[in-house]
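Given next are the chains, with one letter for each unit.
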Amino acid sequence: MFSLIYRSVAKEGFLETDIYKMLSDARDFNAEHHITGCLLYHDRKFLQLLEGEKSLIIRLFNTIESDNRHHKIAVLKTEDRLERIFDRWSMAFYDYGNLQLSAQHKLRQIDQFFEASRAFEKSSKLTGNYFGEVREMLLDSAL
Ligand SMILES: Cc1cc2nc3c(=O)[nH]c(=O)nc-3n(C[C@H](O)[C@H](O)[C@H](O)COP(=O)(O)O)c2cc1C
């Protein structure tokens with residue numbers, strides 16, 4: 001099992017409706033290949049955690065990296081792991097796109113989202129890293 005976290009920024013023309021369409025295709029592909037994870041979208045920024053068999057994750061990430069609907073792609077962390085964090089999700093998605101909420105409120109919402117996915121029960125360096133990045137992303141644009 002291999003996990004990879006990256007962040008990126010949606011390009012101008014990548015509209016919310018297109019993101020939902022992409023997500024629907026992505027979920028089919030991921031389910032077929034036993035790839036799980038979580039994609040957050042906030043203020044045009046993506047933060048994605050991918051998990052699955054190493055060669056599949058690397059191949060998928062190469063595809064995602066060359067997807068010209070987003071840019072400024074940066075890998076934040078990779079890890080060989082024994083268990084999945086989002087074992088029940090072919091790609092959990094949390095969209096902050098249209099929410100006008102305080103940073104505090106957003107953090108509370110994301111905590112509830114992760115609690116519902118039971119991701120907190122699998123705490124490790126990687127999850128700590130991911131949740132840290134999530135908080136940073138939310139707070140960053142709230143300032
Ligand atoms: C932010 C972002 C996240 C993506 N996540 C996935 C994903 O988890 N699984 C997937 O199959 N495609 C994902 N894609 C889409 C891929 O980049 C690509 O379009 C898709 O795999 C189809 O590839 P193909 O046109 O080479 O068949 C994502 C794209 C973006 C922009």
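A brief structural summary.

Criteria and cut-off values
Residues numbered from 1 in each chain as written. Predicted model: local features only at pLDDT ≥ 70, side-chain atom pairs only at ≥ 80, totals over all residues. Heavy atoms only, no water. Near = heavy atom within 4 Å. Polar contact = N/O pair within 3.5 Å; in protein donor to acceptor, adjacent residues only side chain to side chain. Areas by Shrake-Rupley, 256 points an atom, 1.4 Å probe, with all protein chains shown as cover. Helix = DSSP H or I, 4+ residues; strand = E, 2+ residues; numbered from the N terminus. Nonpolar A, V, L, I, M, F, W, Y, C, P; charged D, E, K, R; others polar. Phe/Tyr/Trp six-rings, centres within 6.5 Å; stacked < 30°, edge-to-face > 60°. Buried < 20%, exposed > 50% of the residue type's maximum accessible area, 1.4 Å probe, protein only. Core = buried A, V, L, I, M, F, W, Y, C linked by side-chain atoms within 4.5 Å. Contact = heavy atoms within 4.5 Å. Pairing = 2+ DSSP bridges. Axes fitted to C-alpha atoms, helices over the stretch in contact; angles between N-to-C directions. Parallel < 35°, antiparallel > 145°, perpendicular 65-115°, else oblique. Left-handed = near helix turned anticlockwise from the far one by under 90°.

## Things to note about the site of the ligand
- Taken together, the neighbourhood of the ligand is formed by 16 residues, with Phe29, Asn30, Gln48, Asp67 and Arg69 sitting nearest.
- Between the ligand and Gln48, the relevant distance is 3.1 Å, taken from an oxygen atom to a side-chain nitrogen or oxygen of the residue.
- Between Asp67 and the ligand, the recorded distance is 2.6 Å, taken from a side-chain N or O atom to an oxygen atom.
- Contact with the protein chains hides 71% of the accessible area of the ligand, taken as 620 Å² for the molecule alone.
- Elements that contribute at least two residues to the shell around the ligand include exactly helix H1 (16-32), strand E3 (45-52) and helix H2 (54-65).
- Residue composition of the shell around the ligand, grouped by class: 10 nonpolar, four polar and two charged.

## Overview of unusual backbone geometry
- Residues other than glycine seldom take positive phi values, yet Asp43 does so here, at roughly 55 degrees.
- With respect to the helices, strands and loops of the structure, Asp43 is situated in the loop between strand E2 (36-42) and E3.
- In this model, Lys72 sits at a positive phi of 55 degrees, which is unusual for a non-glycine residue.
- Summarising the element assignment, Lys72 is placed in strand E4 (residues 70-80).

## Considering the packing of aromatic side chains
- Applying the stated criterion to the full structure yields five aromatic pairs.
- When the centroid spacing of 5.3 Å and the interplanar angle of 50 degrees are considered together, the rings of Tyr6 and Phe61 count as tilted. Residue Tyr6 is found in strand E1 (residues 2-10), and its partner Phe61 is found in helix H2; the two are separated by 55 residues along the sequence. Accessibility assignment for this pair places Tyr6 and Phe61 in one class, buried.
- Ring geometry for Tyr20 versus Phe93: centroids 5.5 Å apart, planes at 85 degrees, classification edge-to-face.

## With respect to the nonpolar core
- In this structure, Cys38, Leu40, Ile110, Phe113, Phe114, Tyr130 and Val134 are the most contacted members of the largest nonpolar core, which totals 20 residues.
- Contributing elements (two or more residues each) for this core: E2, E3, strand E5 (92-95), helix H3 (103-116) and helix H4 (125-140).
- Among the elements that make up this core, the one with the highest residue count is H4 (six residues).
- Ignoring anything within four residues of it in the chain, the contact list for Val134 reads Leu40, Leu47, Ile110 and Phe114.
- In this structure, Phe14, Leu56, Ile57 and Leu60 belong to the second largest nonpolar core, which totals 19 residues.

## Things to note about the pairing of E5
- Burial of E5 is two-sided: the residues Ala92 and Tyr94 facing one way and the residues Phe93 and Asp95 facing the other way are all buried.
- Pairing of E2 with E5 involves four bridges; the strand directions are parallel. Paired with Cys38 across the two strands is Ala92, which belongs to E5.

## What to know about the packing of H3 against H4
- Running from N to C, H3 and H4 cross one another at 150 degrees; their axes reach a closest spacing of 10 Å. Compared by their axis directions, H3 and H4 come out roughly antiparallel. For the element pair H3 and H4, the recorded crossing hand is right-handed. Across from Ala103, Lys106, Leu107, Ile110, Asp111 and Phe114 in H3, the residues of H4 making contact are Tyr130, Phe131, Val134, Arg135, Leu138 and Leu139.

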